[in-house]
Structure formats: C-alpha cells, structure tokens
Amino acid sequence: MNIRFLETLVTLAQLKSFRATARALHATPAAISLRIRSLEEGLGTELVDRSGREFRLTPNGEYLLGHAKAVVAAARSMRAAAHKENPVQGRLRLGVIETVVHSWLSRFVGLLSAQYPQVEIELMVDTSSVLQKRLLSDELDLVVRVEGIDRPQIVSTALAICPVQWIAHRDLLPPRPQQLARQVLQHPILSFARATVPQRALEEVVAQLAGREGVPVAQTRITCSPSVAAIVRLVRDGYGIAAIPGLFVSDYLDRGEFVELAPLPPLPAIAVTLCRNAQAQGLTHAAAQVMQRACTEFGQETAPRFIGVLC
C-alpha cells in the first residue's frame, strides 16, 4: 500500500477540498483525485462520498481514516529514526547463563563497545527460568538462555549447541573400564542448579543408568550448583564427576588433567538461545546482531566437539 496515498487521504480529510489538498501537497487536483481513486481500488471500498456538493467521507472512509492516520504516523516515526545520527545508544539490560560467561561474553562486550561506544551494559548472570521472568516483566532487554521462550511477543534465535560430557579428574578413573558406570554412580555427580533443563535431563539419565547397573536410585547423589567455577574446582579436588559442557574445561582436557568418560550414556546437549521482545528498541536489535556475531566468531575458533554454532 502506497504511504503517499494514505497521507493524501489524511490531508484531504483535514482540508475537505481537493484543490486545497493539491496546494498543500504541491500537486494538481487531478493527481489528488487519482491517488484517492487508486487507494479506493486497492482497499475495495469508496472513501469519498461524491453524491453531494459538500465534501465528506463515506462511513467506511471515516472508519478507515483512523487506521490511515496510524500508518502515516508510524511511517513518519520510522523516517525520523532512520535519520538519527546514532540511534544505538543508552543502557542495555543483558541477562545471560553461565555458559555464555565462560565462552563468548567477553568477545560480545568488546565488539559492542567498538561498534556502539555510547552503549552501557548492565549485566545479570542467572538461571534460564529467572532470566525468562525478568525478560517477560520488562526488567531485561536481551537474554541468552537454554532453549527459546514460547510466547508470541518474544523472538527466539538459536545461537549454539553445547554438548554435555561426563568429566572426571584423571586420578578418579576406575582401574577396570568395564566397571566404569557402577563406579561413577558411587561418586557425587556434579550438575547445574536444581530444576534447570540440564539438571532434569541428568536425573533421567542417572536413573536409567542406575537401573541398568542394578543400583538403587536412592543411593545415587547429584550435587547441584549454579556456579561453573565451583563445579570445576570440585572436579579438580577429586570430589566427584561432572556432567557439564566440555567447553568449560577444554584447557584441562587438553592438558590431560581432566578426562571425558565417553563410554557412559550420552547426555542431552544444551541449546543456547537468544531471546528479545519483538517490539524492542533499536538498541536491543543491534545488540542481538552483535551477540550472534560474537557467538559465530567464537565457534569458528573452538573445536566442534565443544560447540556447534547455529546462527
């Protein structure tokens, strides 16, 4: 639909004269009449009542005038925003899970600062459920969490898949690989905070593994922590076996201090997703693009067994 034709209708309704409208819009009365005719054909209804000598809109014209004004106002607002020298400025309220902190967050901050130096970041690190609540209550602008948010007002974009692996200190390995599963179940299994998606998935796998090995589920121990640093420290101290993305401990794995217990049943990967309100300001959408770029660049520099980039 031609915005200029809608602007013509709004002006015509205000001035109530084809000649006056033509003068206001620097056109001829014939051109104004042609625009209104074209608009009527496009909408499939008459807008101007041509049966009388005085100008007036038809009932449909009066009804659609309000919609036309809204569209014209939105178009003018969009033009004004497009001509701002630097529309991307202000405070970005960003919420992320720890997976991002231990991967591409610093890269994102660097890229955003370089591209939009007038943006100030207010950072929150928490679980996916808390971040979702804060986004839906308009306390956060941009959120990176596990899985998307199934709400019509939220746009969710998949960023990456992080495989979850069984990780142990090399000295904690059982002497006989055939008894690996049973010996693993004798140790605390370290995982993310309780009630998170990875933790619930781990509980199911542990229950299945215990059933296969003939170990009562009540005798298994899952130790939950919201801190990745705490989990890594406990693994280093030989306290237990972690079920976390190998991305967090890639350096330990490369040095051989930590080992992956590959024979154990596979664990569901973590789907890292970027979420924002569909009606968010330009700053939020610009930051979302930078977040995708940071994730992509990080993924290109990281071994595929630790991360799979989706954006």
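Residues numbered from 1 in each chain as written. Predicted model: local features only at pLDDT ≥ 70, side-chain atom pairs only at ≥ 80, totals over all residues. Heavy atoms only, no water.

A. Quick peek at the overall build of the chain. Counting its regular elements, the chain contains 12 helices and 10 strands. Its C-alpha atoms give the chain a radius of gyration of 30 Å, clearly above 19 Å, the size a compact globule of 311 residues would have. Referenced to the eigenvectors of the C-alpha coordinate spread, the extents of the chain come out at roughly 100 × 40 × 30 Å. Counting over 311 residues, the chain shows a buried share of 44%. (Helix = DSSP H or I, 4+ residues; strand = E, 2+ residues; numbered from the N terminus. Rg over C-alpha atoms; globule rule 2.2 N^0.38 Å. Buried < 20%, exposed > 50% of the residue type's maximum accessible area, 1.4 Å probe, protein only.)

B. Geometry of the environment of Cys311. With respect to the helices and strands, Cys311 occurs in the segment after β10 (308–309). Accessibility expressed as a relative area gives 33% for Cys311, which makes it partly exposed. As a C-alpha pair, Cys311 and Leu9 span 302 residues in sequence and 43 Å in three-dimensional space.

C. Focus on helix α6 (residues 105–115). Along α6, the positions that sit buried rather than exposed are Leu105, Phe108, Leu111 and Leu112. Down the axis of α6, the sector holding all buried residues measures 125°, keeping them to one side. Seen from the buried face of α6, the exposed residues on the opposite side, beyond 90 degrees, are Ser106 and Ala114. (Arc of directions from axis to C-beta.)

D. Just the nonpolar core, in detail. In this structure, Leu92, Trp104, Phe108, Val144, Trp166 and Val249 are the most contacted members of the largest nonpolar core, which totals 76 residues. Among the elements that take part in this core, helix α12 (residues 282–300) stands out by supplying 9 residues, more than any other. Ignoring anything within four residues of it in the chain, the contact list for Val144 reads Gly95, Val96, Ile97, Val100, Trp104, Leu131, Leu159, Val272, Thr273, Leu274 and Met291. Ranked by size, the runner-up nonpolar core spans 15 residues in total, among them Leu39, Phe55, Ala68 and Val72. (Core = buried A, V, L, I, M, F, W, Y, C linked by side-chain atoms within 4.5 Å. Contact = heavy atoms within 4.5 Å.)

E. Spatial organisation of unusual backbone geometry. For His26, which is not glycine, the phi torsion reads 55° and is therefore positive. Here His26 is to be found in the loop between α2 (18–24) and α3 (29–43). The phi torsion at Asp138 lies on the positive side, around 65°, for a residue other than glycine. Among the structural elements, Asp138 can be located in the loop between α7 (128–136) and β3 (142–146).

F. Spotlight on the confidence of the model for the chain. Averaged over every residue, the pLDDT of the chain is 91; residues scoring 70 or more account for 96%. Mean pLDDT across the elements of the chain ranges from a minimum in helix α4 (residues 59–82), with 86, to a maximum in β3, with 96. (pLDDT = per-residue confidence, 0-100.)

G. Layout of the packing of helix α1 (residues 3–15) against α3. Relative to each other, α1 and α3 sit at 110°, their axes nearing to 9 Å. Taken as axis vectors, α1 and α3 run roughly perpendicular relative to one another. Taken as a pair, α1 and α3 cross one another with a handedness that is left-handed. The segment α1 lies against α3, with Arg4, Phe5, Leu6, Thr8, Leu9 and Leu12 engaging Ile32, Arg35, Ile36, Ser38 and Leu39. (Axes fitted to C-alpha atoms, helices over the stretch in contact; angles between N-to-C directions. Parallel < 35°, antiparallel > 145°, perpendicular 65-115°, else oblique. Left-handed = near helix turned anticlockwise from the far one by under 90°.)

H. Layout of α12. A rise of 1.5 Å per residue sets the reference length of α12, with its 19 residues, at 27 Å; its end C-alpha atoms lie 28 Å apart and thus fit the reference within 8%. Of the positions making up α12, those classed as buried are Leu283, Thr284, Ala286, Ala287, Ala288, Val290, Met291, Ala294, Cys295, Phe298 and Gly299. (Expected span 1.5 Å × (residues − 1).)

I. Focus on the packing of aromatic side chains. On inspection of all chains with the given rule, the structure shows 4 aromatic pairs. A ring pair is formed by Phe18 and Phe55, whose centres lie 6.2 Å apart and whose planes are at 80°; its orientation type is edge-to-face. With Phe18 in helix α2 and Phe55 in the loop between α3 and α4, this residue pair connects regions lying 37 residues apart in the sequence. Residue Phe18 is classed as partly exposed on the basis of its relative accessible area, which comes to 23%. When the centroid spacing of 6.2 Å and the interplanar angle of 55° are considered together, the rings of Trp104 and Phe298 count as tilted. (Phe/Tyr/Trp six-rings, centres within 6.5 Å; stacked < 30°, edge-to-face > 60°.)

J. How the structure looks around a nonpolar patch on the surface. Together, Val101, Leu123 and Val125 make up an exposed nonpolar region whose accessible area comes to about 220 Å². Along the chain, the position of Val125 falls in strand β2 (residues 119–125). Judged by its relative accessible area of 39%, Val125 falls in the partly exposed class. (Patch = residues over 30% accessible without salt bridge, like charges linked within 9 Å, V, L, I, M, F, W, Y side chains within 5 Å. Areas by Shrake-Rupley, 256 points an atom, 1.4 Å probe, with all protein chains shown as cover. Salt bridge = Lys/Arg side-chain N within 4 Å of Asp/Glu carboxyl O.)

K. Molecular detail of the packing of α6 against α12. Put simply, α6 and α12 touch, their axes get as near as 9 Å, and they point 130° apart. When the axis of α6 is compared with that of α12, the two are oblique. Handedness of the crossing formed by α6 with α12: right-handed. In this structure, α6 contributes Arg107, Phe108, Leu111, Leu112 and Gln115 to the contact, and α12 contributes Ala287, Val290, Met291, Arg293, Ala294, Glu297 and Phe298. Of the residues in the contact of α6 with α12, the class split is 8 nonpolar, 1 polar and 3 charged. (Nonpolar A, V, L, I, M, F, W, Y, C, P; charged D, E, K, R; others polar.)

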